[in-house]
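This is what each chain is made of:
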Amino acid sequence: MRLLCSTGAFSRHPDRCEPSTVAEGIRALGADGIEAIFYTPWYDAIDTAARELRATGASIPVLHTEKSIGSLASSPAPEDHERAAELLRANCHLATALGARTLVLHLWSQPDTEESVATAVATLPRLLDVTEEHGLDLSVETIWRVTSTPLPAIHASLAADPRTRVTLDTEFLGNHGELEEAIADDALWESGAVDHVQIKDFAGSMTDDAGRRKYLHPGQGTLDLAGFMRGLRSRGYGGTVSLEASGVVDARTVDYDRIRQSLTMISSWMD
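Here is a short report on the structure shown in this document. Just so it is clear, the model here is predicted, and its values are computed rather than measured.

## Examining the packing of helix α1 (residues 19–29) against helix α2 (residues 46–54)
Okay, so step 1: In the contact formed by α1 and α2, the axes pass within 9 Å of each other and the chain directions differ by 15°. Considered as vectors, α1 and α2 are oriented roughly parallel to each other. Relative to α2, α1 is oriented so that their crossing is right-handed. Within the contact between the two elements, α1 uses P19, S20, V22, A23, I26 and R27 and α2 uses T48, A49, E52 and L53.
Okay, so step 2: Class assignment of the residues belonging to the contact of α1 with α2 gives a composition of six nonpolar, two polar and two charged.

Structure (structure tokens):
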């Protein structure tokens, strides 16, 4: 396994997402490996983002694609599916410029329905054609569901196209009680599809008392993340693992020490 840090740990939309700010965060953290997030404003600044991030000297094997792609893929309008492919192509251009191999995708959007997820799954082969043209892997993330749970949608994606790769997100799986099930799912592992893991904790809700999105570091929630990592080792997993918990305090301040502590904790579970 290889440990990465998501740029989401020290950036956020809309006030900390400029390429220069993300590059500054990479340097300040000093991590050897990075999962970069493609923010919406970067569609007009792909060359700038590539230049800024490459200049950090960090290895960036994973790019998290911009999230509107899934909204378009799950739309009932065929023209939206073509737009999703166009946007994914732009994400591929940045990934190639950064030397990334894996693109993480939110395939569906919320609030989801069985129909919208089925539409997204049916659109997936078109998206996989795009990443295949660029020599990249497209990894569907186990994001949360409203009408169901993530794993059935993942199995539907694998059935729709065997080129599909899978990203396991501990918070979203934990939210649905599927964290242990993901490790125990023989069909998932026998397919060899899992190629990326995102680590953050969960404590009963993905939002705080004010309804704002919260991202918990390992140890701040109730998930047995050490046990989950043992499960990955038992499955012979050798892919990438990213810390995705946020250290952003406000628009000007990031708690880099907290991020480093979490990376050290995850690293200890990988031995």
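## Concerning the sheet that holds strand β1 (residues 2–6)
Okay, so step 1: Judged by pairing direction, the barrel is parallel, and its eight strands sit side by side in the order β1-β2-β3-β4-β5-β6-β7-β8 before closing back on the first. Averaged over neighbouring strand pairs, the angle between their axes works out to 30° when direction is ignored.
Okay, so step 2: Examined bridge by bridge, strand β7 (residues 194–199) and strand β8 (residues 240–243) share four bridges and lie parallel to one another. Looking at the pairing, Q198 lines up with S242 of β8.
Okay, so step 3: Sheet strands in contact with helix α5 (residues 114–133) are β4 (102–105) and β5 (137–141), and its direction is about 140° off that of β5.

## Let's talk about the pattern of salt bridges
Where charged atoms of side chains with opposite charge meet at close range, the side chains can pair.
Okay, so step 1: Throughout the structure, instances matching the rule amount to 16 salt bridges.
Okay, so step 2: The closest approach of N and O atoms between E82 and R126, which form a salt bridge, is 3.2 Å. In this pair, E82 is assigned in helix α4 (residues 78–98) and R126 in helix α5, connecting sequence segments 44 residues apart.
Okay, so step 3: Of the residues examined, E82 reaches a relative accessible area of 38% and is grouped as partly exposed.
Okay, so step 4: A salt bridge links R212 to D208, with the shortest nitrogen-to-oxygen separation between them at 2.9 Å.
Okay, so step 5: For R212, a relative accessible area of 56% puts it in the exposed group.
Okay, so step 6: Judged by its relative accessible area of 25%, D208 is partly exposed.
Okay, so step 7: Three or more residues are tied together by salt bridges with common partners; here these are D129, E132, D161 and R163.

## Some thoughts on α5
Okay, so step 1: Taking 1.5 Å per residue, 20 residues should reach 28 Å; α5 reaches 30 Å between its end C-alpha atoms and fits that length.
Okay, so step 2: For α5, the principal kink sits at L124 and spans about 35°; a proline, P125, occurs within the next four residues.
Okay, so step 3: Buried residues of α5: S116, V117, A120, V121, T123, L124, L127, L128, V130 and T131, and no others.
Okay, so step 4: Along its buried surface, α5 packs onto α3 (68–73), α4, β4, β5 and α6 (150–160).

Definitions and limits used
- Residues numbered from 1 in each chain as written.
- Predicted model: local features only at pLDDT ≥ 70, side-chain atom pairs only at ≥ 80, totals over all residues.
- Heavy atoms only, no water.
- Axes fitted to C-alpha atoms, helices over the stretch in contact; angles between N-to-C directions.
- Helix = DSSP H or I, 4+ residues; strand = E, 2+ residues; numbered from the N terminus.
- Parallel < 35°, antiparallel > 145°, perpendicular 65-115°, else oblique.
- Left-handed = near helix turned anticlockwise from the far one by under 90°.
- Contact = heavy atoms within 4.5 Å.
- Nonpolar A, V, L, I, M, F, W, Y, C, P; charged D, E, K, R; others polar.
- Pairing = 2+ DSSP bridges.
- Salt bridge = Lys/Arg side-chain N within 4 Å of Asp/Glu carboxyl O.
- Buried < 20%, exposed > 50% of the residue type's maximum accessible area, 1.4 Å probe, protein only.
- Expected span 1.5 Å × (residues − 1).
- Bend = angle between axes of the 7 residues up to and from the residue.

Function-wise, these values are silent; they only describe arrangement.
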